[in-house]
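Read off the chains here:
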Amino acid sequence: MPDVSSNLSQAVPLEAEQPAFEPRVVAFFCTWCTYMAADLAGTSRMKYAPNVRVIRVMCSGRIDPQFVLAAFANGADGVLIGGCHPGDCHYQEGNYNCLRRVRLLKRVIEELGIEEDRFRLEWISAAEGDRVRVVINDMVEKLRALGPLQMKKEVPLRPLSPEEHELQEVAV
Amino acid sequence: MTREKPKIAFYWCASCGGCEEAVVDLAEEILDVVATADIVFWPVALDFKRRDVEQMLDGSILATFLNGAIRTSEQEEMAKLLRRKSKLLVAFGSCSHLGGIPGLANLFTRESILQAVYFETPTTENPDCVLPGVPGKDGNGKLTLPYFSERVRALDQVVEVDYYLPGCPPLPRIITRAVATLLGEHLPEKGSVLAPDEALCTECPRKDSKPEKIALKSFKRPQEILIDETQCLLAQGLLCMGPATRAGCEAPCVLGNMPCTGCCGPPGRVRDQGAKALSAIASLVDSQDEQEIDAVLASIPDPVGTFYRYSLPASLLAHSRKV
Amino acid sequence: MAESKDIDRNGIQIGVYVCHCGTNIAGTVDVKALTEYVATLPGVTMARNYKYVCSTPGQELIKRDIHELGLNRIVVAACSPCLHEKTFRSVVAEAGLNPYYFQMVNIREHDSWVHTDKRAATEKGKDLIRAAVRRVRLHKPLERKRVSINPAVLIVGGGIAGIHAALTMANAGKHVYLVERDATIGGHMAMFDKTFPTLDCAACILTPKMTAVKSHHNITLWTLSEVTQVDGYVGNYQVTIKHKPRYVIEDACVGCMECIDACVYKQAKVPDEFNMYLGKRKPIYIPFPQAVPQVVVIDRESCIEFKSGKCKKTCVEVCADRKAIDFKQQETTETIEVGTIILATGFFTVDAKRVPYYGYGIYPNVYTGLEVERLINAAGPTNGEVILRDGRKPQRVAIVHCVGSRDENTNRYCSRVCCMYSLKLAHLIKEKTEAEVFNFYIDMRTPGKGFEEFYNRVADEGTHFVRGRVADIYPNPGDGGRLLVCAEDTLMSTVRKIPVDMVVLSTGLEPQPDAQDVRRRFHITCSTEGFFLERHPKLAPVNTFTDGVFLAGCCQGPKDIPDTVAQAGAAAAEALALIDIGYIEQEPNTAHVLEEVCSGCKTCIPLCPYQAISFVENKKKAEINEVLCKGCGTCVASCPSGSVQQNLFEDEEIFAEIEGLLAYA
């Protein structure tokens, strides 16, 4: 049984300030539309929340559901996918494939208890820099309200109690 | 002096017993196994005790075939014990490979499971709401039960695993091939799954009937249609996991006119079987309109149960967040 | 790969360059702290920060480090890759390292320019660079493929668009195959009498071009021919062409047409397609007098020799010395190789029967615009007289605009040319018959050069204009066969019912009925209306999404002759530009199938809009044509067994990026 007594002297005072929760969002943006829109937001010096990290793919059709799940598993509080508007995909139909996948993935993710607002698909064209700003700010605000996800794969089990440790002595 | 036969062991954790049956199903071939190896621990069939294992030298068991998922503290201890005592630890069957069907319990909290089982099921009579695990007494002293943990885990989430034998249960031909390999000279790369690395379509008897394009306006459950015995099951709208599942079993379920449910887990390049399976299934939906897509997907009543039937604990998101 | 093993023999040596971009980045992101942090990451041999990494000294810095420190992976954290990824890839290549051992991090457009919190912006920079460092370790050496371009070009469709494109390219010295499925080139323009707004005689301006096509040494003209299959890819197309039998040997016929006079049919009995079935022809005929090639054709459906085998064959008799008639002619196929293809397959007119309340096909004196063109044309079925089916000259004519256009029940779009041709017909009908002409219109669309002036002219000539969509046309009771045209005159706010002798329906333009088949054959796409889809409506109106296939004329959308000719020139220019360079370079971010592990599940096959994935029967596996692949990655994500990978966007590379982004979550 680990000795916790030594921790008491370093007990954290009750009023100590906990750093405010800042959600971490991983975004997958398609090169031809949403990534360019985000570039446009930058060139226009629009300002938005610094919580998003963008991964560039060529097309939203490239986005494998495994990527979304890996993002959550590695600690993301939210995942955002950005692609071209339906009908405008640079590669004709990639975004429709993304849409179909996302609709099914959403059901799985929600059944696993992840709130709907944490996984979002947005169609943003290359001219819609402001939309990038609006979507990111909106999503980050919603995630702040939801709190951290805590979905790490290796959730440690509750440590065994002293009685349970004595299982060696089970009578037969 | 004759050379000692290599020692092998079998153990079962959170399982249905089907994997033990699979070993027995080897029938005459079991005698070949017995001839070549010494079974030193097999609770379901032989009268060796845990103490016997504890007294063995570390690494003295050549290979232990462990089936079943890890749910209780006893199973975890036995897994760790057998790991110490074995040169090779083989995860035998879907439950130890990926968590198996019991893994779907990870959609529920430990509390809700215990409550359902001990209080709420229709045939339970438990007016005092007694839960097992509370230390009690019996004739010889204290009695405690293993702890029923928060969630189900696959074997490699508890100890290091050398090889995996996939399947629910692994088919006899997969078992005999694997045992022969492990008793042989050249061991495969550590961490391998002892089955081909392609998806099941490669072995499927209906492969040639599969069209190059399948576009579905709805999915069907097996009881909803008269399943044609010659045509690709996906093409008939059934949720066949074949394309996302490792080959090696030679598709007995398909030969039985039922779609594959994915028990052998994914091929090696895939990190999450359910994710890849749903990606392929989604690409069959014949619509580009969001509402229509949802309507088509509504004909899949239980996505997690379908796509993660055997592999939820091993998936990237191993459990429900509420757990 | 031997090369990568060699280059990595001392382990992964990453060089990271953090750009200040003046104060654009350094003003918000603490570039020094970033550099210090990055230097601690596993695999990073050298981390530097510099004012302008894209500048010449900045580039030299990278090159020097590659040589002196043996760097084998480079990361630049600066502006957007959309701006300078190519620049830095070239720098890396110049230093002798494969240019794809490079990853760019956007800490300007996506970081310093959009955040005010310096601490957060710097933390974000750390995350992004850490992700890139993990990713770039997995990069593989890739090569841009060069595909050479065959200078020959195939032009499909012998209307004005195809003719103009063919002449342009032939004059530029390129060999042109012009394939037309009818017996003559000329298309719809050959059917017109006069063209708006100048009232040029269509035949007069078209026929010299048609003749030029025939006599040009760089043009191989094939009529009665169709493309049946297109294989290959830009620069290297193999096209199979089917030649339908004319039953006349083209090289032997001199166009004297004595066989037509000699035909056993003394009277022409077969409804004549060129005259919109208003006239008649014989089974052996020439489509119109100026047809190119100037060769007769035999219609086997109506020819007695084909129907019974017992004809006197007087046609053969008169052609004894040329022996041009050959009843035994068979369909033949041949395959040609070209580098580029221009589609100029034209349009089809809306079937007026789809608007049944206008009475087409029910009342004999309701005509379509094209039918009236033929009536007006001096070489037409009535020798240029506008005469009704019962022989009378019309005294009052209604011209109905927007038939089958701007209509939810048929086509929603405007067909662009109908207002102008309706005005033209109004003028010509008036000229020929002195009838009273009423044009019923919704809006008057006359945007081109001289168009508005033409409208004014026609109005000045006394044509009546009723602004209102015609609601109904039916016989005027007791009026001797006249039809009542009912429309609300929206300018007068009254319903008008005008009895007329003749109704002309200005039918709109539609894609050809087989447009879907054709577009699949050429591996291109159509818009929702069914016209061939251009790559970009403003910036690339003649390109398609398939490299090497271009569009010209109405097959891309309704347009008039000036715009058609302009577009044909543009398509020819695009094709010539390709041919002139001689090759194209393909980005290597294509997908490939891991053949050993592909299970042949066919999930990927229908997903490729470029049909780059095919199922190889004898191997029972999928295969991707890397030249057709455009690198979207849809197949990669859909593959249920992870057996398709995309260069530069492999699963493992993206997983590494994800894990790197969140490493300290």
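Since the model is a prediction, treat every value here as computed from it, not as a measurement. (Residues numbered from 1 in each chain as written. Chains lettered and ligands numbered in written order. Predicted model: local features only at pLDDT ≥ 70, side-chain atom pairs only at ≥ 80, totals over all residues. Heavy atoms only, no water.)

A.B. asks: Describe the overall build of chain B, listing the residues and the values that go with them.
C.D. replies: Helix and strand content of chain B: 11 helices and 9 strands. Since a compact globule built from 323 residues should have a radius of gyration of about 20 Å, the 22 Å found for chain B is in line with a globular shape. Principal-axis analysis of the C-alpha atoms gives chain B an extent of 65 × 60 × 30 Å. Here chain B, with 323 residues, has 54% of them falling under the buried criterion. Look at the contacts in chain B between residues 6 or more apart in sequence, and 75% of them connect residues 24 or more apart. (Helix = DSSP H or I, 4+ residues; strand = E, 2+ residues; numbered from the N terminus. Rg over C-alpha atoms; globule rule 2.2 N^0.38 Å. Buried < 20%, exposed > 50% of the residue type's maximum accessible area, 1.4 Å probe, protein only. Contact = heavy atoms within 4.5 Å.)

A.B. asks: Tell me about the confidence of the model for chain B, residues and numbers included.
C.D. replies: For chain B, the mean per-residue pLDDT works out to 92, and 96% of the residues sit at or above 70. Both scores are given for the predicted complex: the pTM is 0.74, the ipTM 0.94. (pLDDT = per-residue confidence, 0-100.)

A.B. asks: Explain the environment of Ile107 of chain C residue by residue, including any values.
C.D. replies: Residue and element names in this part refer to chain C. Here Ile107 lies in the loop between β4 (102-106) and α5 (108-112). In the structure, Ile107 is positioned 255 residues away from Ile362 in sequence and 71 Å away in space, judged by C-alpha atoms. When neighbours within four sequence positions are excluded, Ile107 is seen to be in contact with Val18, Cys19, Ile25, Val29, Leu34, Ala77, Ala78, Ser112, Gly125 and Leu128.

A.B. asks: Can you break down the pattern of salt bridges residue by residue, with the values?
C.D. replies: As enumerated under the stated definition, the model contains 78 salt bridges over all chains in all. A salt bridge links Asp208 of chain B to Lys620 of chain C, with the nearest nitrogen and oxygen atoms 3.1 Å apart. One end of the pair, Asp208 of chain B, is in the loop between α7 (172-182) and α8 (252-255); the other, Lys620 of chain C, is in the loop between β32 (613-616) and β33 (621-624), on a second chain. Given the relative accessible area of 58%, Asp208 of chain B is considered exposed. Judged by its relative accessible area of 25%, Lys620 of chain C falls in the partly exposed class. Ionic pairing is found between Arg135 of chain C and Glu657 of chain C, a salt bridge with its closest N-O pair at 2.6 Å. One end of the pair, Arg135 of chain C, is in helix α6 (residues 118-136); the other, Glu657 of chain C, is in helix α18 (residues 651-662), and 522 residues separate them in sequence. The exposure class of Arg135 of chain C is buried, given its relative accessible area of 2%. Put simply, Arg56 of chain A together with Glu85, Arg89, Arg144, Arg146, Glu585 and Glu587 of chain C are held in one network by salt bridges that share partners. (Salt bridge = Lys/Arg side-chain N within 4 Å of Asp/Glu carboxyl O.)

A.B. asks: Summarise the sheet that holds strand β22 (residues 436-441) of chain C; cite the residues concerned and give the values.
C.D. replies: Residue and element names in this part refer to chain C. Strands sit in the order β20-β27-β21-β22-β23 across an open sheet of 5 strands; the sheet is parallel. The two strands at the open ends of the sheet, each matched to only one other strand, are β20 (366-368) and β23 (464-467). Across the sheet, the mean angle separating the axes of adjacent strands is 25 degrees when strand polarity is ignored. (Pairing = 2+ DSSP bridges. Axes fitted to C-alpha atoms, helices over the stretch in contact; angles between N-to-C directions.)

A.B. asks: Account for the interface of chain A and chain C, naming residues and giving values.
C.D. replies: How big an interface is tends to be stated in terms of accessible area lost as the parts join. Residue-level contacts link 42 residues of chain A with 46 residues of chain C. The contact between chain A and chain C buries some 3800 Å² in all, and 59% of this surface belongs to carbon and sulfur atoms. It is Arg53, Arg62 and Gln92 of chain A that lose the most area in chain A upon contact with chain C, and together they represent 18% of the buried surface on that side. Our count for the chain A to chain C interface comes out at 4 salt bridges. With its nearest N and O atoms 2.8 Å apart, the salt bridge here joins Asp127 of chain C to Arg53 of chain A. Summed over the shared surface of chain A and chain C, the number is 18 residue pairs in polar contact (both at pLDDT 80 or more). (Buried area = accessible area lost by both parts, 1.4 Å probe. Polar contact = N/O pair within 3.5 Å; in protein donor to acceptor, adjacent residues only side chain to side chain.)

A.B. asks: Report on the pairing of strand β4 (residues 119-123) of chain A, specifying residues and quantitative values.
C.D. replies: All names here are of chain A. With respect to burial, β4 is a largely interior element, 5 of its 5 residues being buried. Bridge analysis of strand β3 (residues 78-83) against β4 gives 5 bridges, and the strand direction is parallel. Bridge pairing in β4 links Gly82 to Glu122. In this fold, the crossover linking β3 to β4 by way of helix α4 (residues 94-111) has right-handed handedness. (Right-handed = clockwise from strand over helix to strand, strands pointing away.)

A.B. asks: Go over the state of the cysteines with me, naming the residues and quoting the values.
C.D. replies: Residues and elements named next belong to chain C. Scanning the entire structure with this criterion turns up 1 disulfide over all chains. Paired through a disulfide, Cys201 and Cys204 show a sulfur-sulfur distance of 2.5 Å. Taking the torsion about the S-S bond as the criterion, the Cys201 to Cys204 disulfide, at about 80 degrees, is right-handed. Cys555 forms no disulfide, and the closest cysteine sulfur to it belongs to Cys554, at a distance of 8.0 Å. Taking relative accessible area as the criterion, Cys555 reaches 4% and is therefore assigned buried. In this structure Cys639 is a free cysteine whose sulfur lies 5.8 Å from that of Cys601, the closest cysteine sulfur available. (Disulfide = S-S within 2.5 Å.)

A.B. asks: Outline the domain arrangement of chain B, listing residues and values.
C.D. replies: All names here are of chain B. We note that the domain assignment places domain 1 (7-101 + 152-183), domain 2 (109-150) and domain 3 (200-314) within chain B. Taken over C-alpha atoms, the centre of domain 1 sits 30 Å from the centre of domain 3. At the interface, 17 residues of domain 1 touch 15 residues of domain 3. Interface area, domain 1 with domain 3, both sides summed: about 1200 Å², of which 62% is carbon and sulfur. The largest contributions to the domain 1 side of the interface with domain 3 come from Leu98, Ile101 and Arg173, which together make up 39% of the buried area. Our count for the contact surface shared by domain 1 and domain 3 stands at 1 salt bridge. As a salt-bridge pair, Glu250 and Arg173 come within 2.6 Å of each other at their nearest N and O atoms. (Domains from an automatic or database assignment.)

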